[in-house]
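# Chains, contacts and geometry: an overview
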Amino acid sequence: MKAKGSMTAAMCLLLLVIMSLLGACIRGTRISCARVQASNAMDTALYSLFSQYDQDLLQDYHLFFLDGGYGENKLNLSQIITQAEAYAGPVLTSGLTKCSLDACGIDSFQLASDQKGEAVTEQILRYMKGRLGNKGLQVLTEQLNKNQSIMENQESIQEGGINEIPLDEAAPMEEISESNNPLEIIKNIRSHGFLGLVLPENGKISENALDLQSLLSHRELEQGLNSLPLSDGASGVADKILIQEYILENLSFYTQENHPGTLDYQVEYVLGGKESDKENLQYVVNRLLLVREASNIAFLYTDSQKRSELQACASALSLLLLIPEGMTLVQGVLAAGWAYVESICDVKTLLSGGKVPLSKDASSWKTHLNRLSAEDTPSGSKGLDYRDYLFLLLSFSSEEDLTFRCMDMIEQNIRIKEARGSFSFDACLYSISVNFLISGPEEKKWQGQRFYTYKM
């Protein structure tokens, strides 16, 4: 009996030790599970928060951002914290290892407008690289370099001037008379203003306008907190080309109004930065006229047939005006005026949906000096179209202007959608870092930090 009693006491002591160890294991396991649960809650909070990305921005413009204004035009940090707490709560209170969220605070965040729209630029580049690939980018780069080289050559030809010939070597043009004086015709065309002359037949100009002070690029912006730059290196030429192509693909312009917004001519706004469609179109047309004039003058200076026509017309005019010694001056004035009238026809062709080669030849020249007119404009089928010329003009703007003015238009286009009238880019979150203070079992407290960004 003593042996049995001795054995029972030993077993009791052993069981006590085992139970103590088991209790310690259970306690440790519960705490470990609670730590994992707290970690999952923090991750879930941010994943769920950023899953509310703006669907209009993604669907229409391929941009990932969280509208932190929640229907207002200012960032609502308290609502963001409330949302994070709401998403973390169910995870913390589920299961046997119940935890509670004591506090939640934002450590840092970056907005779409921070660092001159750096987050928008980063997403545009990522999207366009995936869409075009290296081959597409190479084609765009080569074409742009080729066109810029042509323009530089044309400018050098223009600066060199025209080589005149003596009066006695030029036969006067027979058609020139007081009623058919190219100088008077050119003067009359210039006096009527260029915008009305370049519009297609029955063409109308949008009367839409906006308040510049309400735009992202003009108003005082919300700022991020402790945000870090996304990249250390400066952007290259290839990056700017991708931004130019993105703008043309995702914004409307005169010949392609496929993205409704406050303004109809949105790419023209990116170039001109004016408050109305009419002013922006005027700005672009003026730029196009300058580009075309340089090209047309270069052709007049280098084509032997056109030079002969200039000399013959100048000879006739110098005799008509009784200033034979002024033939040299008349030739220069005629060349500039003829190139201007031809440029009017070129831009009219572009706005009508036709094409105009950057470098002219005899087959693509439209006007005739002996019956000069900007009325009749045959449609062109070879060369660059209006979109191509816009791409060329965009290349002369700074990357910062391109990005911010593009954001202006995207913001305005989103605002015309139902219940989106207060949308603002400087209330859109790109990344955030949040601190959590969580209470667990056994009076344990954990502090954790989670960071989330749309950068992929």
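Attention in this report is confined to the structure presented alongside it. None of these values were measured; they are calculated from a predicted model.

## Overview of the overall build of the protein
In terms of helices and strands, the protein carries 13 helices and 4 strands. A compact globule built from 456 residues would reach a C-alpha radius of gyration of about 23 Å, whereas the protein, at 35 Å, exceeds it by more than 25%. Its C-alpha atoms give the protein principal-axis dimensions of about 150 × 40 × 30 Å. Scored against the burial criterion, the 456 residues of the protein give a buried share of 46%. Taking the intrachain contacts of the protein between residues at least 6 apart in sequence as the baseline, contacts between residues at least 24 apart amount to 78%. Within the protein, one finds 39 positive and 58 negative side-chain charges whose respective centroids are separated by 13 Å.

## Things to note about the nonpolar core
One recurring pattern in soluble globular proteins: nonpolar side chains tend to sit buried together. With 123 residues, the main nonpolar core has Leu57, Leu63, Phe65, Tyr386, Ile410 and Phe425 as its most contacted residues. In contact with Tyr386, other than residues within four places in its own chain, are Phe253, Tyr254, Thr255, Glu268, Leu281, Val284, Leu288, Leu350, Leu351 and Gly354.

## Observations concerning the pattern of salt bridges
With the rule as written, the count across this model stands at 18 salt bridges. Residue Asp54 pairs with Arg420 through a salt bridge whose shortest N-O separation is 2.4 Å. Residue Asp54 is found in the loop between α1 (2-50) and α2 (55-61), and its partner Arg420 is found in the loop between α13 (399-415) and β3 (428-439); the two are separated by 366 residues along the sequence. What makes Asp54 buried here is its relative accessible area of 4%. Owing to a relative accessible area of 14%, Arg420 belongs among the buried residues under this scheme.

## Observations regarding the packing of aromatic side chains
All chains considered together, the criterion is met by 14 aromatic pairs. Ring geometry for Tyr452 versus Tyr454: centroids 6.1 Å apart, planes at 90°, classification edge-to-face. Tyr452 sits in the partly exposed class, given a relative accessible area of 23%. For Tyr454, a relative accessible area of 2% puts it in the buried group. By way of ring pairs, the aromatic residues Tyr47, Phe50, Tyr53, Phe64, Tyr452 and Tyr454 are connected into one cluster. Its guanidinium or amino end placed over the ring of Tyr340, Arg190 lies 4.1 Å from that ring's centre, counting from NZ or CZ.

## Looking at the environment of Asp60
Structurally, the position occupied by Asp60 is in helix α2. A relative accessible area of 25% places Asp60 in the partly exposed class. In the structure, Asp60 is positioned 353 residues away from Asn413 in sequence and 9.7 Å away in space, judged by C-alpha atoms. The contacts of Asp60, once residues within four sequence positions are left out, are Asn250 and Lys417. In terms of polar contacts, Asp60 uses its side chain to reach the side chain of Lys417, at 3.0 Å.

## Remarks on the state of the cysteines
Here the structure, examined in full by the defined rule, presents 0 disulfides. Its sulfur unpaired, Cys406 is 14 Å from the next cysteine sulfur, which belongs to Cys428. Since its relative accessible area comes to 2%, Cys406 is described here as buried. What makes Cys428 buried here is its relative accessible area of 0%.

## With respect to the packing of helix α4 (residues 114-160) against α13
Running from N to C, α4 and α13 point in directions that differ by 75°, and their axes come no closer than 9 Å. Considered as vectors, α4 and α13 are oriented roughly perpendicular to each other. The residues of α13 that touch α4, namely those facing Lys116, Gly117, Val120 and Thr121, are Glu399, Glu400, Thr403, Phe404 and Met407.

## So, a nonpolar patch on the surface
A cluster of nonpolar side chains, contributed by Met11, Leu14, Leu15 and Ile18, occupies part of the molecular surface with about 350 Å² of accessible area. Considering the arrangement of structural elements, one finds Ile18 in helix α1. Look at Ile18 and you get partly exposed, because its relative accessible area is 42%.

## Comments concerning unusual backbone geometry
With phi around 60°, Lys116 is a residue other than glycine that occupies positive phi space. With respect to the secondary-structure elements, Lys116 resides in helix α4. In this structure, Ala419 takes a positive phi of about 65° despite not being glycine. The topology assignment puts Ala419 in the loop between α13 and β3.

## Side note on helix α7 (residues 237-250)
The terminal C-alpha atoms of α7 lie 20 Å apart, and with 14 residues this matches the ideal 20 Å at 1.5 Å per residue to within 8%. Within α7, 12 of the 14 residues are buried, leaving the element largely enclosed by the surrounding structure. Packed against the buried residues of α7 are α2, α4, α8 (266-272), α12 (386-394) and α13.

## Comments concerning the environment of Tyr53
When you line up the elements, Tyr53 lands in the loop between α1 and α2. Counting along the chain gives 73 residues from Tyr53 to Arg126, while the straight-line C-alpha distance between them is 17 Å. In contact with Tyr53, not counting residues within four places along its chain, are Leu58, Phe64, Phe65, Leu66 and Tyr454.

## Comments concerning helix α9 (residues 277-302)
Here α9 is 26 residues long and its end C-alpha atoms lie 38 Å apart, about the 38 Å a rise of 1.5 Å per residue gives. Counting buried residues along α9, 19 of its 26 residues qualify, which places the element largely inside the surrounding structure.

## Regarding the environment of Ser433
Its place among the elements puts Ser433 in strand β3. Distance from Ser433 to Tyr254, taken between C-alpha atoms, is 43 Å for residues 179 residues apart in sequence. Once you skip the residues sitting within four places of it in the chain, Ser433 turns out to touch Gly105, Ile106, Asp107, Ser108, Gln449, Arg450 and Phe451. In terms of polar contacts, Ser433 uses its side chain to reach the side chain of Gln449, at 3.2 Å.

Conventions we followed
Residues numbered from 1 in each chain as written. Predicted model: local features only at pLDDT ≥ 70, side-chain atom pairs only at ≥ 80, totals over all residues. Heavy atoms only, no water. Helix = DSSP H or I, 4+ residues; strand = E, 2+ residues; numbered from the N terminus. Rg over C-alpha atoms; globule rule 2.2 N^0.38 Å. Buried < 20%, exposed > 50% of the residue type's maximum accessible area, 1.4 Å probe, protein only. Contact = heavy atoms within 4.5 Å. Lys, Arg positive; Asp, Glu negative; His and termini not counted. Charge placed at Lys NZ, Arg CZ, Asp CG, Glu CD. Core = buried A, V, L, I, M, F, W, Y, C linked by side-chain atoms within 4.5 Å. Salt bridge = Lys/Arg side-chain N within 4 Å of Asp/Glu carboxyl O. Phe/Tyr/Trp six-rings, centres within 6.5 Å; stacked < 30°, edge-to-face > 60°. Lys NZ or Arg CZ within 6 Å of the ring centre and 35° of its normal. Polar contact = N/O pair within 3.5 Å; in protein donor to acceptor, adjacent residues only side chain to side chain. Disulfide = S-S within 2.5 Å. Axes fitted to C-alpha atoms, helices over the stretch in contact; angles between N-to-C directions. Parallel < 35°, antiparallel > 145°, perpendicular 65-115°, else oblique. Patch = residues over 30% accessible without salt bridge, like charges linked within 9 Å, V, L, I, M, F, W, Y side chains within 5 Å. Areas by Shrake-Rupley, 256 points an atom, 1.4 Å probe, with all protein chains shown as cover. Expected span 1.5 Å × (residues − 1).

So, to be careful, I would describe these as geometric facts and stop short of saying anything about function.
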